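# An overview of the molecular structure
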Amino acid sequence: GRERIGAQSVVLRGYALPAARALLAGVDAVRREAPFRHMVTPGGLPMSVALTNCGDFGWTSDARGYRYTREDPRTGLPWPAMPEAFDTLAREAALAAGFPGFAPDACLVNRYQPGSRLSLHQDKDERDYDAPIVSVSLGMPAVFLFGGHERGDKAVHVPLFHGDVVVWGGVDRLRYHGVLPLKDRPHPTLGSVRINFTIRKAG
Ligand code: MD5
Ligand code: FE
């Protein structure tokens, strides 16, 4: 099913299920090369969500701020290649949501454990806001907060489940969003973890 949550954003329920094995193998390949880590915000606090990246560019946070880099700051090596399954799924989902020609070059992989949360923020570190962002959820369910263009705007709660894909673009691309603290509702195969990866055009 397809649920419109904004003028140019849509939840594609279960869209990633046929590719779930390949996508999880991709996450494993990425994390063997670039392990999940808790990055520190410019304010000095470690994030409760652990993350890694793949593709030409990866998102980084440290005392100096937020930015995309070509190398993993842990090793100085390029981020792992984007798994084929990520790239294919992202292009197909973008097309299905009305964004033909999506050419991603970055993927931020988030790992949530029970209690992990993502406070309201905008994704503003990418070079061009015309490209959509494709998000894939695997493992435990989460409640996504979808706000407006001002931090104080009322946010709607959107539950996201294993296999759901969300595409954001156009007028919705800079809306505030976040994730409520994760409840421990173990997934039958993945256990007490949620993986969310967002495929983007950053460079
Ligand atoms: C997550 N991740 O579930 C969320 C879902 C992130 C992040 O927010 O930055 O890694 S992806 C939600 C998202 C991404 C880009 C734009 C918008 C939402 N939006 O315009 O609402 O780990
Ligand atoms: Fe975000």
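In what follows, the accompanying structure is described. Bear in mind the structure is a predicted one, so any value in this text is a computation, not a measurement.

## Describing the coordination of the iron ion (ligand 2)
Ligation of the iron ion (ligand 2) by protein atoms is provided by His-121 (NE2), Asp-123 (OD) and His-177 (NE2), these donors lying 2.0 to 2.2 Å from the ion. Classification of His-121 as partly exposed rests on a relative accessible area of 22%. Asp-123 gets classed as buried once you look at its relative accessible area, which sits at 10%.

## Re the environment of Met-82
One can find Met-82 in the loop between β5 (65-69) and α2 (84-96). Classification of Met-82 by relative accessible area gives buried; the value is 18%. Taking the C-alpha atoms as reference points, Met-82 and Val-27, separated by 55 residues in sequence, lie 9.7 Å from one another. For Met-82, the residues in contact, after removing those within four places along its chain, are Cys-54, Gly-55, Asp-87, Pro-104, Asp-105, Ala-106, Cys-107 and Ile-199.

## Quick look at the sheet that holds strand β3 (residues 50-55)
Strand order in the open sheet formed by seven strands is β1-β2-β11-β8-β13-β6-β3, with antiparallel pairing between adjacent strands. Strand pairing shows two members of the sheet lacking a second neighbour, β1 (2-6) and β3, which therefore form its edges. Across the sheet, the mean angle separating the axes of adjacent strands is 20° when strand polarity is ignored.

Calculation rules
- Here, residues in each chain are numbered from 1, in the same order as that chain's written sequence.
- Here the convention is simple: chains get letters from A, ligands get numbers from 1, in the order in which they are written.
- Under the rules for a predicted model, residues below a pLDDT of 70 receive no local features and side-chain atom pairs below 80 are neither given nor counted, while totals for whole chains, interfaces and linings still include all residues.
- Computation of side-chain values covers all heavy atoms of the structure but excludes hydrogens and water.
- Distances define the donors: N, O and S atoms within 2.8 Å of the metal qualify, as do those within 3.2 Å of Na, K or Ca. Water is excluded, so some sites may look unfinished.
- Here the term buried applies to any residue with accessible area under 20% of the maximum for its type, exposed to any over 50%, and partly exposed to those in between, with areas from a 1.4 Å probe on protein chains only.
- Segments assigned H or I by DSSP are reported as helices when at least four residues long, segments assigned E as strands when at least two residues long, and all are numbered from the N terminus.
- We call two residues in contact when some of their heavy atoms are within 4.5 Å.
- Between any two strands, pairing holds if DSSP finds at least two bridges.
- To obtain an axis, a line is fitted to C-alpha atoms, over the contacting stretch when the element is a helix, and the angle between two such axes runs from 0 to 180 degrees between their N-to-C directions.

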